[in-house]
Amino acid sequence: MSEDAVARIEGLKAEWPNNIGLQCFEAAYFVTLSEDGKARLLNCLNSGIENPDSEMGCYACQPSDYDDFKPFFSKVLARYHKVSEDTRHVNNWSLDGIEGLPADGVLDLARLGLPALSMRVRAGRNLKEFPLPGSMTKDDRIGLENKMMAAFEKLIARPDYGGRYHSLTPGNPCFIDDAAYQELVDQHIMFKNMDNDRYLTAAGIAADWPYGRGCYVSADKGFIIWVGEEDHLRIMCMQRGTVLNDVFDRLKSALDLVEGIEGLEFAYSDDYGAVTSCPTNLGTGMRASLHIQLPNLTSDGTDKRAKAIAKPLGLSVRGAGGEHTPIGEDGTVDISPSARFCITEAEIVASLYKAIALLVEEENKAA
Ligand code: ADP
Ligand code: MG
């Protein structure tokens, strides 16, 4: 059984040089694992085996996978994040000492001549007590949602949070119908149907859709927690404005509050920081993004040019509806620093501020 799997992976490995999971798989390490260990590691690789065109090609399926399968994941992390195999991640939200920022530490986009934009910062988090989404049973997914609904009661009771939970689980007391769900997706509050994503499906992450899926939204709609997407939780602040610190600082205090709720323990690795399903997100789990119009760089109707200019600035370009969606009709794109691992949270938000100035210069030159 596992000999067949090794032969299949070795065959794919030769054929798909850009699939990181396949490339980092080593039969010599694999054979040293117990039967259970072998099955677990193969599970992590399944998405990349089923979709050999994947760039990452693997997901962690248990909170301890990065540590338990370090000889594999340290290679994956080194290759994707361009760090050394013995690297250690350090979390830090303080902007103190970061070069190139205004002296008062206020990251105000208006200082760069930009108008109010939609700003969003999210952090992926997983609870230590459940398998990661790739290995969850339907009962696990519903159990996680119920646990989080009890925690959300604490937020809902606070005047500074309030709001409500919206569930996609049939029969859940907070159930919302398809139309209400679609409205939340259109408002960029709720995540898309995961069944349409072949990578998440092959990873087992999309299984049992829509059970155990939902989102908490604060009364002012500026603080949101997704339940049951690629990570157990995606915790985010989103608001229109120009001061990046507003969303960044609010996220930090909200994360501390959520983590302080009794019974919620987030999964961390001593060496790697916050544990996330996808190795691309490990460490900070953070993506800080802006929705911005780049009509000149997108005048051909695609994000090709914007991507070519953004990449050397360390920025990723996504469509207006998120990853794998097209740019908006008015040239709106989603811009975020690409780095998540072996970078601090503060450096991520600072690099968004610094790099967006350079990107806007290029946009203006392209006029
Ligand atoms: P992530 O993987 O960071 O959670 P996705 O690319 O999957 O993000 O997008 C999720 C949703 O968040 C989409 O609806 C997307 O349009 C929305 N989104 C991302 N950044 C912003 C932003 N700055 N302003 C408004 N909506 C945003
Ligand atoms: Mg996503």
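Note that the structure is a prediction, hence the values are computed from the model and not measured.

Pairs of aromatic rings are described using the distance from one ring centre to the other and the angle between the two planes. Taken as a whole and judged by the stated rule, the model has 13 aromatic pairs. Seen in terms of ring centroids, Tyr 66 and Phe 73 are 4.7 Å apart; in terms of plane orientation they differ by 50°. Their pairing is tilted. Both rings, one in Phe 191 and one in Trp 226, keep their centres 5.1 Å apart while their planes meet at 55°; by these two values the pair is tilted. Of this pair, Phe 191 sits in the loop between helix 8 (178-186) and helix 9 (198-202) while Trp 226 sits in strand 4 (residues 223-227), placing them 35 residues apart in sequence.

So, on to the sheet that holds strand 2 (residues 164-167). Strands sit in the order 2-3-4-5-1-8-10-9 across an open sheet of 8 strands; the sheet is antiparallel. The two strands at the open ends of the sheet, each matched to only one other strand, are strand 2 and strand 9 (315-318). Shown here is a sheet whose adjacent strand axes are inclined to one another by a mean of 20°, direction ignored. Alignment of strand 9 against strand 10 (residues 332-337), held across 4 bridges, turns out to be antiparallel. Paired with Leu 315 across the strands is Pro 337, a residue of strand 10. Along the sheet, helix 12 (residues 345-365) makes contact with strand 8 (286-293), strand 9 and strand 10, crossing strand 8 at roughly 20°.

In this section: the side chain of Asp 231. Here Asp 231 shows up in the loop between strand 4 and strand 5 (233-241). The exposure class of Asp 231 is buried, given its relative accessible area of 0%. For Asp 231, the side chain forms a polar contact with the side chain of Asn 126, separated by 3.0 Å. Beyond its immediate chain neighbours, meaning those up to four positions away, Asp 231 contacts Gly 124, Arg 125, Asn 126, Pro 133, Thr 276 and Ser 277.

Attention now moves to the pairing of strand 3 (residues 214-217). Of the two faces of strand 3, both are covered, the one formed by Gly 214 and Tyr 216 as well as the one formed by Cys 215 and Val 217. With 4 bridges joining them, strand 2 and strand 3 adopt antiparallel strand pairing. Note that in strand 3 the partner of Ser 167 across the bridge is Gly 214. One ladder, built from 4 bridges, connects strand 3 with strand 4; its direction is antiparallel.

Let us now look at helix 8. When helix 8 is considered as a whole, its buried residues turn out to be Tyr 181, Leu 184 and Val 185. End-on, the buried residues of helix 8 take up no more than an arc of 105°, which puts them together on one face. Exposed side chains of helix 8 directed beyond 90 degrees from the buried face belong to Ala 179 and Asp 186. Against the buried residues of helix 8 lie strand 2 and strand 3. Positive backbone phi, at 65°, marks His 188, one or two positions downstream of helix 8.

If you trace the backbone, Glu 145 turns up in helix 7 (residues 138-156). Glu 145 gets classed as buried once you look at its relative accessible area, which sits at 1%. C-alpha of Glu 145 to C-alpha of Leu 200: the two residues are 55 residues apart in sequence and 19 Å apart in space. Not counting residues up to four positions away in its chain, the partners in contact with Glu 145 are Tyr 165, Ser 167, Thr 169, Asn 172, Gly 212, Arg 213, Gly 214 and Val 227.

Residues spaced three or four apart along an α-helix point in a common direction, a consequence of the helix completing one turn every 3.6 residues. Taking 1.5 Å per residue as the helical rise, helix 1 (residues 2-15) with its 14 residues ought to reach 20 Å, and the 20 Å between its terminal C-alpha atoms agrees with that figure. Turning to helix 1, its buried residues are Ser 2, Ala 5, Val 6, Ile 9, Leu 12 and Lys 13. The arc enclosing the buried residues of helix 1, seen along the axis, measures out at 130°, which places them on a common side. Of the exposed residues in helix 1, those oriented more than 90 degrees away from the buried face are Glu 3, Asp 4, Ala 7, Ala 14 and Glu 15. Where helix 1 is buried, its residues touch helix 2 (20-24), helix 3 (27-30) and helix 4 (35-50).

Time to look at the nonpolar core. Grouped together as the largest cluster of nonpolar side chains are 63 residues, with contacts concentrated most on Phe 223 and Ile 335. It is helix 12 that provides the largest number of residues to this core, a total of 10 residues. Core analysis: the second largest hydrophobic core is formed by 54 residues, Leu 12, Ile 176, Met 236 and Leu 282 among them.

Definitions and cut-offs
Residues numbered from 1 in each chain as written. Chains lettered and ligands numbered in written order. Predicted model: local features only at pLDDT ≥ 70, side-chain atom pairs only at ≥ 80, totals over all residues. Heavy atoms only, no water. Phe/Tyr/Trp six-rings, centres within 6.5 Å; stacked < 30°, edge-to-face > 60°. Helix = DSSP H or I, 4+ residues; strand = E, 2+ residues; numbered from the N terminus. Pairing = 2+ DSSP bridges. Axes fitted to C-alpha atoms, helices over the stretch in contact; angles between N-to-C directions. Contact = heavy atoms within 4.5 Å. Buried < 20%, exposed > 50% of the residue type's maximum accessible area, 1.4 Å probe, protein only. Polar contact = N/O pair within 3.5 Å; in protein donor to acceptor, adjacent residues only side chain to side chain. Arc of directions from axis to C-beta. Expected span 1.5 Å × (residues − 1). Core = buried A, V, L, I, M, F, W, Y, C linked by side-chain atoms within 4.5 Å.

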